[in-house]
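Descriptive structure summary
Single-letter residue listing:
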Protein chains: 2
Amino acid sequence: MLSPETLDTIVHRGVSDIISRDEFIRLLQSGRPLRLKMGFDPSRPDIHLGHTVGLRKLRQLQDLGHQVILIVGDWTAQIGDPSGQSATRPMLTHEQVMENAQSYLRQFFKVVDRDRTQVVEQSEWFGKFTLADVIGLTGRFTVAQFLQRSDFAQRFAEQRPIAITELLYPLLQAYDSVVIESDVEFGGTDQMFNLLVGRELQEMMGQRPQQCFMMPILPGTDGVQKMSKSLDNYIAVDESPADMYGKVMSIADNMIVRYYELLTDLPSTDLADLERDIELDTVNPMEHKKRLALDITSQFHDPAAADAAQAHFERVVQGRNLPDEMPEVSLASLREQSNAPDGAIRADRLLVAAGLAASNAEARRLLSQGAVEILPSSGDPYRLEGDRAEVSPAAGDVLRAGRRRFIRIVEP
Amino acid sequence: MLSPETLDTIVHRGVSDIISRDEFIRLLQSGRPLRLKMGFDPSRPDIHLGHTVGLRKLRQLQDLGHQVILIVGDWTAQIGDPSGQSATRPMLTHEQVMENAQSYLRQFFKVVDRDRTQVVEQSEWFGKFTLADVIGLTGRFTVAQFLQRSDFAQRFAEQRPIAITELLYPLLQAYDSVVIESDVEFGGTDQMFNLLVGRELQEMMGQRPQQCFMMPILPGTDGVQKMSKSLDNYIAVDESPADMYGKVMSIADNMIVRYYELLTDLPSTDLADLERDIELDTVNPMEHKKRLALDITSQFHDPAAADAAQAHFERVVQGRNLPDEMPEVSLASLREQSNAPDGAIRADRLLVAAGLAASNAEARRLLSQGAVEILPSSGDPYRLEGDRAEVSPAAGDVLRAGRRRFIRIVEP
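Keep in mind it's a predicted model, so treat the numbers as computed, not measured.

Thresholds, definitions, all that
Residues numbered from 1 in each chain as written. Chains lettered and ligands numbered in written order. Predicted model: local features only at pLDDT ≥ 70, side-chain atom pairs only at ≥ 80, totals over all residues. Heavy atoms only, no water. Helix = DSSP H or I, 4+ residues; strand = E, 2+ residues; numbered from the N terminus. Polar contact = N/O pair within 3.5 Å; in protein donor to acceptor, adjacent residues only side chain to side chain. Contact = heavy atoms within 4.5 Å. Least-squares fit on C-alpha atoms with pLDDT ≥ 70 in both. Pairing = 2+ DSSP bridges. Axes fitted to C-alpha atoms, helices over the stretch in contact; angles between N-to-C directions. Buried < 20%, exposed > 50% of the residue type's maximum accessible area, 1.4 Å probe, protein only. Arc of directions from axis to C-beta. Right-handed = clockwise from strand over helix to strand, strands pointing away. Buried area = accessible area lost by both parts, 1.4 Å probe. Salt bridge = Lys/Arg side-chain N within 4 Å of Asp/Glu carboxyl O. Nonpolar A, V, L, I, M, F, W, Y, C, P; charged D, E, K, R; others polar. pLDDT = per-residue confidence, 0-100. Parallel < 35°, antiparallel > 145°, perpendicular 65-115°, else oblique. Left-handed = near helix turned anticlockwise from the far one by under 90°.

Moving on, we get to the side chain of A:Gln107. Residues and elements named next belong to chain A. By secondary structure assignment, the location of Gln107 is in helix α5 (residues 94–108). A distance of 2.7 Å separates the side chain of Gln107 from the backbone nitrogen of Ile47, its partner in a polar contact. There is a polar contact of 3.0 Å between the side chain of Gln107 and the backbone oxygen of Ser103. Setting aside its immediate chain neighbours within four residues, Gln107 contacts Pro45, Asp46, Ile47, Val237 and Asp238.

Printed below as a string of structure tokens:
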């Protein structure tokens, strides 16, 4: 029997909804190893922390003896993801699928237990699917049912195109559940419709209907939108230790508790304490964030590397003592005034153009004193040495001259 | 070059619409043999005169050197016809398809020239259709486009179910056009949407888009609803000469011109004369109808058989000189009063029960004089002979006693 605490963690923490929670609990307590289904789109092989919310849930269940079946969605990938684009995509070659799957699995197994995972490709069954099979599937559902899916409903109402193919997407995903005899399927909240079609199809085909396990959406580092590669607010599981640590440090303070909840094993009682601490402002949030960043970084790298990332952060980022505000100068205007439309810029001219030196002579003196530094938006700062130094600054870099004079270089 | 008269007959007579008429005329005049596509549903192998409107058009074009390709729609039949029912039907076995196709072809070739007809089955291509092929097709059209088809639009608006499979129907039919490289597809006016999808798909796939040739609907013998087996207002091409002749004779007078137009080769000038005759009521419509019935019967039977059918009609039906109105007696009450709840009825009792004789004695006298006759609703009349005759009359039969006494036996 599961302890009440374990059960509570499994069915409530990092869970948006389970259909149905009661049935799922009964299954869990039946003692039978469950078949946990998760699909993956081989055209999108990169995993970020938003995805690990679900992977961590799989891992928790594997640690209780359950089996993960990972579906390589090479056929659904061809149709395109259900969230909007209507054009079908060219079928990936088998080589591309295999290559992306390898890349995905390398990341996937940073969280999920390889020994309790079976990887299967949709091609195993859809590669020999006939028109009769398609008719058998499509005859079971109506157009109106499928147009109720929220993204379809919205596009239909706005008269944006929905390719007939897109109606096949949920059907294929559902058929996967039948083939692998899924007990539980995992997906984001936006997957609810598709997971329910699987549940319904299994029942129609004489199987016990799967449980639909929906995970919450993790906000990105901006704390506003969902974590997503295309929004560039993501933390990849493949980040270097320093980048992973630094990116976690960049999240908004109001995300700290949520990240602890969804991305760490911090006990629920400690989570409550943390929430109160932050509410009452008793501890500098920076300290909580550093513990969080260390915890997360340690999950994907060895402890020494995580510690080194923390030390790096303390030295390079915290040690900078940058002012909260500083003047901004556009890269374009710096280039124009330095007479360097492209390529490297002479450092003395850059200082004058940036307004950090009154004359070329002053600029050269600062440079020869070693008092000029570039602080890139990420990575280590470096000094501009010698009065003939050249430099290729980027937007986001900070330029420091002496102790207290800074400018931030901005687009364009 | 085609004569203007021939061209006019082809593109206007027995034509509801052609998309596009101009392109079709250019194709006709190009001198190239055209590929004329017609589909047939092997679950409905019976042909009636309503279908022959299109078959006659095919024959006209064959006589100009064009080629008919008849598609045995064994796959679309499985999905169900597009006009309403949503349930998919079980796939016919190959044996059933072949049997029905044989039956259909026997009727089809009563009108269409066998030598310029190629018969192909959808199984030739759909039997090896893959999921990738399905995705390739369904990706080209949108749900909204298909929901514009009038029967879909109506069902969708009325919240009646449309199986997703049904969206495949027009796609499969369209794909047939691509496979056989159709130049012209023929169908009823209710087929316009499906024919246009074929046209569009061919263009998408780099073929010259087919012409869509829509035939008008032939009213049934009731002159009100479309001719249809299920409405029992049809004349099958398989009718015996006498039945075919008799059924044509039963059409309403206001249908005479329309039947001449759609079902005979009566020249258009004669058609105009006929129309005027009927309008001015200069000739008894019965005479026009007899010429029509002889013409149609001769198309499906040899001239001698058609003449015999006409002679039979004149003798049996016209010769009866039945009054326009006569008393009606229900079969049930005849049986009750004759004390014959089922089986044969003694003729003398029947005559008394029908009110045609005042007593059994009078009835027996009439019978022994050979003055009693049954006139079945179809078929030859027969005399009841001898005063112990027995008879099993049916609803619709007329019972005559002497010259001028009639009753009609009616349900129940």
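Next, the rest of the story.
With that settled, the discussion passes to the relation of the copies chain B and chain A. Between the two chain copies there is a screw-like relation: a rotation about an axis and a shift along it. Turning chain B through 177° and shifting it by 0.2 Å along the axis lays it on chain A, with an RMSD of 0.6 Å. Classification of the inter-copy transformation places it as that of a two-fold axis. Among all residues of chain B, the minimum C-alpha distance to the rotation axis is found for B:Thr130, at 3.0 Å. Both copies share a contact surface, since 100% of the interface residues of chain B are interface residues in chain A too.

Now for the sheet that holds strand β4 (residues 117–121) of chain B. Residue and element names in this part refer to chain B. Ordered in space as β1-β6-β5-β2-β3-β4, the six strands form an open sheet in which the pairing is mixed. The outermost strands of the open sheet, each flanked by one partner alone, are β1 (17–19) and β4. Averaged over all adjacent pairs, the angle separating strand axes in this sheet is 25°, with direction ignored. Those strands touched by helix α10 (residues 164–180) are β2 (35–40), β3 (67–72), β4 and β5 (184–188), and its axis lies near 145° from that of β2.

Moving on to the sheet that holds strand β13 (residues 405–410) of chain A. All names here are of chain A. Spatially, five strands are ordered β7-β13-β12-β9-β10 in an open sheet, and the strand pairing comes out mixed. Across the chains shown, the open sheet's two edge strands, defined by having one partner strand only, are β7 (328–330) and β10 (382–383). Bridge analysis of strand β9 (residues 372–375) against strand β12 (residues 398–401) gives four bridges, and the strand direction is antiparallel. In the sheet register, Leu375 faces β12, and the bridge partner there is Val398.

With that out of the way, let us pick up helix α19 (residues 360–368) of chain A. Residues and elements named next belong to chain A. Every buried residue belonging to α19 is among Glu362, Ala363, Leu366 and Leu367, and all of these are buried. Down the axis of α19, the buried side of the element spans an arc of 140°, and every buried residue falls inside it. Residues of α19 that are buried in the fold lie against α18 (347–354), β9, β12 and β13. At the exit of α19 stands Gly370, carrying a positive phi of roughly 70°.

Our focus in this paragraph is the pairing of strand β5 (residues 184–188) of chain A. Residue and element names in this part refer to chain A. Of all the five residues making up β5, four are buried; the element is thus mostly covered by neighbouring parts of the structure. Across two bridges, strand β2 (residues 35–40) lies against β5 in parallel orientation. Each residue of the ladder has a partner; that of Leu36, found in β5, is Val184. Pairing geometry for β5 and strand β6 (residues 211–215), over five bridges, is parallel. Within β6, the position partnered with Glu185 by the bridge is Cys212. In the classification by handedness, the crossover that spans β5, the intervening helix α11 (residues 192–204) and the parallel β6 is right-handed.

Let us now look at the interface of chain B and chain A. Contacts between the two partners involve 29 residues from chain B and, on the opposite side, 29 residues from chain A. Interface area, chain B with chain A, both sides summed: about 2,500 Å², of which 82% is carbon and sulfur. The largest contributions to the chain B side of the interface with chain A come from B:Leu131, B:Ile135 and B:Ile164, which together make up 29% of the buried area. Linking chain B with chain A are zero salt bridges. Put simply, the parts of the chain that give the side of chain B that touches chain A at least two residues each are α4 (74–79), α7 (131–138), α8 (143–147) and α10 of chain B. In terms of residue count, α10(B) provides more of the side of chain B that touches chain A than any other element does, six residues in total. Residue classes in the side of chain B that touches chain A are distributed as 22 nonpolar, seven polar and no charged.

So, about the confidence of the model for chain A. All names here are of chain A. Confidence along chain A averages 88 in pLDDT terms, with 96% of residues attaining 70 or more. Low pLDDT (under 50) marks residues 81–86, which in the prediction has 19 contacts with non-local residues, meaning those over four places away or in another chain. As a predicted assembly, this complex carries a pTM of 0.76 together with an ipTM value of 0.74.

All names here are of chain A. Put simply, helix α1 (residues 4–12) and helix α2 (residues 21–29) touch, their axes get as near as 11 Å, and they point 135° apart. Compared by their axis directions, α1 and α2 come out oblique. The two elements α1 and α2 cross, and the hand of that crossing is right-handed. Each of Leu7, Ile10, Val11 and His12 in α1 lies in contact with α2, whose residues at this interface are Arg21, Phe24, Ile25, Leu28 and Gln29. Split into classes, the residues belonging to the contact of α1 with α2 amount to six nonpolar, two polar and one charged.

All names here are of chain B. By secondary structure assignment, the location of Glu239 is in the loop between β6 (211–215) and α12 (241–249). Taking the relative accessible area as the measure of exposure, Glu239 reaches 11% and is therefore buried. Only 3.0 Å separates the side chain of Glu239 from the side chain of Lys247, close enough to count as a polar contact. Look past the residues within four positions of Glu239 in its chain and what remains in contact with it is Tyr234, Met244, Lys247 and His301.

Let us look at the pattern of salt bridges. Note on pairing: side chains with opposite charge can pair once their charged atoms come close. Residues and elements named next belong to chain A. Throughout the structure, instances matching the rule amount to 44 salt bridges over all chains. As a salt-bridge pair, Glu239 and Lys247 come within 2.9 Å of each other at their nearest N and O atoms. In this structure, Glu314 engages Lys290 in a salt bridge whose closest nitrogen and oxygen atoms are separated by 2.6 Å. With a gap of 24 residues between them, Glu314 in helix α16 (residues 303–317) and Lys290 in helix α15 (residues 285–300) connect regions that are remote in the sequence. Look at Glu314 and you get partly exposed, because its relative accessible area is 34%.

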